[in-house]
Structure formats: C-alpha cells, structure tokens
Amino acid sequence: MANLRAAQMGQQVQYLVFDVEAIADGDLIAKVRYPGKDYTPAEAVRAYRDELIEQRGDGKDFIPPTFMLPISVAVGKISGNFELIDLVVLDAPAYRPHVITKLFWEGWSHYGRPTFVTFNGRGYDMPVMELAAYRYGISLPTWYNIHDRSFEQSRNRYNLESHFDLMDFFTNFGAGRMTGGLNLLANLIGKPGKTGIDGSQVQDMYEAGRADEINDYCRCDVLDTYFVFLRSQVMTGALKLDREQEIVATTKQWLGERSADSPAYAHYLEHWGDWKPAEEPG
C-alpha cells in the first residue's frame, strides 16, 4: 500500500494538494451589504446571490471569497517522490470553520511548511483560508514573512516552492487563459473531472444538510488536482512519464482498497479513465 510503503521508507510530506469549499456568511453579508434592512442571514445570502446573477448576466452567483467560510477542506499529503501518502478532510464529521482553519494551518507547520498545490488557489482557496485565519486570530509569521526578501516571501506569487498554483503554471501567470479549467485538464489525461457536482451547488447542498457529500466532492477535486500536478511535473522534467504512470496505477490501487468505505473513492473510480499515449504514425 502506497501510504504504508511511504511510511516504511521514511518519506516526508513535501506537497499538500488541497481544495476548499465554502459557504456564505449570512451575518456578515447582512451587516456589510444590507445594513438597516433587517435581513436574516438566509435572506441576506439570497439577496446577494440574486444581485450577482443580475449584475453578471451569465446565471452565476458565486459570492466573493471575502464573504465565505470554509466548511470543507480536503488535503492530499504527497511525498517528495510525488506519491500519495494520505488524503483527508479536516474536522470530519463536524466540519466547523474555526476548527478546519486551525487544523489547516497547524498541519502546514507540522509537516515543515511543505509546498501547497492548488488549481486557482491564489484566486480563491488561499484567500478563504487567509481571511479565516484573520477572523479567528491565528498568527502565521512564517506565512506572512513580509520582512524577508521579496522572492523568499511565502506569499510571493512567483515563489513556487511555497505555493504551486496550477492555474498560474498553465497560463504562464495570467499571460494566457485556461478555458475549461481543472475539469478540462483532468479529462485530457483520462481523469473524471466534474461528474455532476460543482462549486455553484455547495451553498444549497450545505443548507440541505449534505455536508458529507460536499466533502466527498472536495476529495474528488483534490484527486483531479493531484493527477494534473503529476503531469505538470512530467512537463517540467521533474518526473519521467513512465514513473508518472506507475504512480497513477499505484494510486488507483490505493483508491480501490478504500472504495468500499468511501463513496467518494468509489465514485471517482466509476468515472476513471486511463490516459493513452498518441499512436506513432505507421
């Protein structure tokens, strides 16, 4: 088993692949956006979502991360040779925002400040977790190391040893566009991508008491991010293609061994596809 073998070899966690799902803070929205209207938290969230749909004209009602609370954070622990050691969701089954936030930042420190790996984490996931730390009074001097040289600061956009954002990697730090996002990149290498749930449904799912399903979805997003990360490392030369395929096969076995007890892993494997290399011309 991958995680057992990693432990036996004394491997250290070098990467934390993570994904955040969040819900709107209705109290905060009511105070900041609708003072004097006497909205309940639920009414404030509904009013803001309707306002966003009208403003954007594309049917989307994504609320900015400044108004969000993390209620699902899935984290894949990855070794220095890119093997999956473990995949966890924080504070299960309670999923309390303050505990999730504490565990997230404590985990990063506990493992020696490994490299965060995300897809568009600088645009969404990290702001959610940073503002949650602010909200709950968590001190993070090694993350906010603002007195170090610019390129050594953890939050420097180009510090890939601190945070490897796959969106930045594939768009050359915003010079291009990644139309299709993580879903497209996952599908290009045969992995499930979006299979019925996306981030736009999280608020309604949470309000309907479906927090476990949200966390299952978050696990699947981390798996997609992990496999896309592996292929990115093939592109940089850090990982050979045949070794990447060995790791993918080992991870598939790891998921299969746990699928009976994990609806998320069973679902992921149901939609699994193997990457096929292009055929050489005959």
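Residues numbered from 1 in each chain as written. Predicted model: local features only at pLDDT ≥ 70, side-chain atom pairs only at ≥ 80, totals over all residues. Heavy atoms only, no water.

A. Expanded view of the pattern of salt bridges. The final tally for this structure, using the stated rule, is 17 salt bridges. Among the ionic pairs, R122 bridges to D168, the shortest N-O distance being 2.9 Å. You can see R122 sitting in helix α5 (residues 121–136) and its partner D168 sitting in helix α6 (residues 166–171), a full 46 residues away along the chain. We note a salt bridge from E130 to R155, for which the minimum N-O separation is 2.9 Å. Residue E130 is found in helix α5, and its partner R155 is found in the loop between α5 and β5 (163–165); the two are separated by 25 residues along the sequence. With a relative accessible area of 43%, R155 lands in the partly exposed category. Among the charged side chains, a salt-bridge network with shared partners connects R49, D61 and D204. (Salt bridge = Lys/Arg side-chain N within 4 Å of Asp/Glu carboxyl O. Helix = DSSP H or I, 4+ residues; strand = E, 2+ residues; numbered from the N terminus. Buried < 20%, exposed > 50% of the residue type's maximum accessible area, 1.4 Å probe, protein only.)

B. Region of interest: the packing of helix α2 (residues 26–33) against helix α3 (residues 41–56). Where α2 meets α3, the closest approach of the two axes is 7 Å, and the angle between their N-to-C directions is 65°. The pairing of α2 with α3 is recorded here as roughly perpendicular in orientation. Between α2 and α3 lies a crossing whose hand is left-handed. Here α2 contributes G26, D27, I29, A30 and R33 to the contact with α3, which in turn contributes P41, A44, V45, Y48 and E51. (Axes fitted to C-alpha atoms, helices over the stretch in contact; angles between N-to-C directions. Parallel < 35°, antiparallel > 145°, perpendicular 65-115°, else oblique. Left-handed = near helix turned anticlockwise from the far one by under 90°. Contact = heavy atoms within 4.5 Å.)

C. Region of the structure containing the side chain of N156. Looking at the secondary structure, you find N156 in the loop between α5 and β5. Polar side-chain contacts of N156 include one of 2.7 Å to the backbone oxygen of S150. In this structure N156 touches R122, S150 and F151, once residues within four positions along its chain are discounted. (Polar contact = N/O pair within 3.5 Å; in protein donor to acceptor, adjacent residues only side chain to side chain.)

D. Up close: the sheet that holds strand β2 (residues 68–79). The strand order across the open sheet built from 5 strands is β3-β2-β1-β4-β5, with neighbouring strands paired in mixed fashion. The sheet is open, and its two borders are formed by β3 (84–89) and β5, each paired with just one other strand. Taking each pair of neighbouring strands and ignoring which way they run, the sheet shows an average axis angle of 25°. One ladder, built from 11 bridges, connects strand β1 (residues 13–24) with β2; its direction is antiparallel. Looking at β2, one finds that Y15 is bridged to I78. (Pairing = 2+ DSSP bridges.)

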